[in-house]
Amino acid sequence: MTADTPPPARPGIDVPDHRGRTGLDRAGRDLTRNPDVVVREVELTSQGWHVLRRTTFDRRRRDGRWETQARETYDRGDGAVVLPYDTERGRVLLTRQFRYPAYVNDHPDGMLVEAAAGLLDADDAPAAVRRESAEELGVTLGALTPAFAAYMSPGSVTERLHFFAAPYTPADRSGPGGGLEEEGEDIEVLELPFAEALAMTRDGRIVDGKTIMLLQWAALDGPFRATGDATRA
């Protein structure tokens, strides 16, 4: 490359990447909400479907000293998760699907029981859980109840997950569920007694964090808190 040759375009930075994104190296550069943190450099280290960045920043410690730190962050966007419930029959809808990251990290077979969830993409959180419920569970949800939002792995992952619950009945079945085959999904729909699902969080049959959180919320503050179904066999 000569002095007159422009530098090559960088997908995701100067020109759109395969998802149409640019400026991926700008995230965090203009943050000023915390006067004790000053972002110095953002390096895009990997960009597939999601984005891995290495950010260097100065941080003022509690004793007043400034130090320079570097952290890697995995940006996959925000997501939403929903627990469909039927208090009349004491049932909830969950899924079972293969999760390679769990399989490679000591899970017996990688088949995790989970609440239906997905990334927001271009939708807001309520629209996202309705979309995922239709695709994964084959159910049209009733009125959504927002439960809470949480950062699921704040040491390295930027994702904030929005938690919902919603009533359903057998008449709300709108399709077979199972997810989208073109996206590699092969999802089994599980309709379980709420008491059994809650017991599964205690005996290790459910080890997915978001699902444990939603089931505990349903027992303590949600639709099953006053019915006795949380403890009934």
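Details of the structure are given in the entry above.
Residues numbered from 1 in each chain as written. Predicted model: local features only at pLDDT ≥ 70, side-chain atom pairs only at ≥ 80, totals over all residues. Heavy atoms only, no water.

Visitor: How do you make sense of the packing of helix 3 (residues 194-203) against helix 4 (residues 209-220) when you look at a structure like this?
Guide: For any two helices packed against each other, one specifies the crossing angle of their axes together with the interaxial distance. In contact at an axis separation of 10 Å, helix 3 and helix 4 are set at 130 degrees when each is read in the N-to-C sense. The angle between the axes of helix 3 and helix 4 places the two elements in the oblique class. The hand of the helix 3/helix 4 crossing is left-handed. Contacts from Phe194, Ala197, Leu198 and Thr201 of helix 3 reach helix 4 at Ile212, Leu215, Gln216, Ala218 and Ala219. Split into classes, the residues belonging to the contact of helix 3 with helix 4 amount to seven nonpolar, two polar and no charged. (Axes fitted to C-alpha atoms, helices over the stretch in contact; angles between N-to-C directions. Helix = DSSP H or I, 4+ residues; strand = E, 2+ residues; numbered from the N terminus. Parallel < 35°, antiparallel > 145°, perpendicular 65-115°, else oblique. Left-handed = near helix turned anticlockwise from the far one by under 90°. Contact = heavy atoms within 4.5 Å. Nonpolar A, V, L, I, M, F, W, Y, C, P; charged D, E, K, R; others polar.)

Visitor: Would you take a moment to explain the packing of aromatic side chains for this structure?
Guide: Each aromatic ring pair is characterised by the separation of its centres together with the angle its planes make. Tallied over the entire structure, the rule returns four aromatic pairs. What links up through ring pairs into an aromatic cluster is the set Tyr85, Phe194 and Phe224. (Phe/Tyr/Trp six-rings, centres within 6.5 Å; stacked < 30°, edge-to-face > 60°.)

Visitor: Mind showing me how you'd approach unusual backbone geometry here?
Guide: Among all residues save glycine, negative phi is the norm, and among peptide bonds the norm is trans. The phi dihedral of Asp106 falls on the positive side, at around 85 degrees, and the residue is not glycine. Secondary-structure assignment places Asp106 in the loop between helix 1 (100-104) and strand 6 (111-114). Look at Asp106 and you get exposed, because its relative accessible area is 73%. Of note in the backbone geometry, Asp121 takes a positive phi value of approximately 55 degrees without being a glycine. Assignment of secondary structure puts Asp121 in the loop between strand 7 (116-119) and helix 2 (125-137). On the basis of relative accessibility, which here comes to 56%, the residue Asp121 falls in the exposed class. (Buried < 20%, exposed > 50% of the residue type's maximum accessible area, 1.4 Å probe, protein only.)

Visitor: Can you help me understand helix 2 in this one?
Guide: Side chains of residues three or four places apart in an α-helix project in the same direction, reflecting 3.6 residues per turn. If you check helix 2, its first and last C-alpha atoms are 17 Å apart, about what 13 residues at 1.5 Å a residue would give, namely 18 Å. Within helix 2 the residues assigned to the buried category are Ala125, Ala128, Val129, Arg131, Glu132, Ser133, Glu136 and Leu137. Buried residues along helix 2 sit in contact with strand 4 (79-86), strand 5 (91-98), strand 7, strand 9 (160-167) and strand 10 (188-193). At the N-terminal end of helix 2, a side-chain oxygen is found 2.9 Å from the backbone nitrogen of Ala127, two or three residues along, and the residue is Asp124. Note on helix 2: the residue one or two positions beyond its end, Gly138, has a positive phi of about 70 degrees. (Expected span 1.5 Å × (residues − 1). Polar contact = N/O pair within 3.5 Å; in protein donor to acceptor, adjacent residues only side chain to side chain.)

Visitor: Could you clarify how one ought to interpret the nonpolar core in this entry?
Guide: General note: in soluble globular proteins, nonpolar side chains tend to be found buried as a group. One finds Val81, Leu83, Val92, Leu94, Phe194, Leu214 and Leu215 to be the most contacted residues of the largest nonpolar core, which totals 25 residues. Those elements that provide at least two residues to this core are strand 4, strand 5, strand 9, strand 10, helix 3 and helix 4. Top element by residues in this core is helix 4. It accounts for five residues. Apart from the residues lying within four places of it in its own chain, the contact partners of Leu83 are Val92, Leu93, Leu94, Phe164, Ala165, Ala166, Leu214, Leu215 and Ala218. By size, the runner-up hydrophobic cluster in this structure holds 15 residues, among which are Val82, Leu93, Leu137 and Tyr168. (Core = buried A, V, L, I, M, F, W, Y, C linked by side-chain atoms within 4.5 Å.)

Visitor: For this particular structure, what's the right way to read the pattern of salt bridges?
Guide: Between side chains of opposite charge, a pair can form when the charged atoms approach closely. A full pass over the atoms with the stated rule returns 18 salt bridges. The partner of Asp63 in a salt bridge is Arg65, with the nearest N and O atoms 2.9 Å apart. What emerges from the salt-bridge pattern is a single network uniting Arg99, Glu114, Asp208 and Lys210. (Salt bridge = Lys/Arg side-chain N within 4 Å of Asp/Glu carboxyl O.)

Visitor: In this structure, what is going on with a nonpolar patch on the surface? I would like to understand it.
Guide: Taken together, the side chains of Phe98, Tyr100, Tyr103, Val104 and Met111 make up a nonpolar region of the molecular surface, amounting to roughly 510 Å² of accessible area. With three residues, helix 1 is the single largest residue contributor to the nonpolar patch. Tracing the backbone through its elements, the reader meets Phe98 in strand 5. (Patch = residues over 30% accessible without salt bridge, like charges linked within 9 Å, V, L, I, M, F, W, Y side chains within 5 Å. Areas by Shrake-Rupley, 256 points an atom, 1.4 Å probe, with all protein chains shown as cover.)

Visitor: Even after reading the chapter, I still don't get the layout of surface pockets, so can you show me in this structure?
Guide: Taking a probe equal in size to a water molecule and rolling it over the atoms shows the remaining empty space. Within this model, the largest pocket holds a volume of roughly 1,200 Å³. Every residue lining the largest pocket is counted, 35 residues in all, and those nearest its centre are Arg76, Arg99, Glu114, Leu119 and Lys210. Elements with a minimum of two residues in the lining of the largest pocket: strand 5, helix 1, strand 6, strand 7, helix 2 and helix 4. Looking at the lining of the largest pocket, the element that brings in the most residues is helix 2, giving four residues. (1 Å grid on protein atoms, 1.4 Å probe; cavity = no way out; pocket = protein on both sides within 12 Å on 5 of 7 lines; lining within 4 Å. Points joined across faces, edges and corners; volume = space filled by probe spheres on them.)

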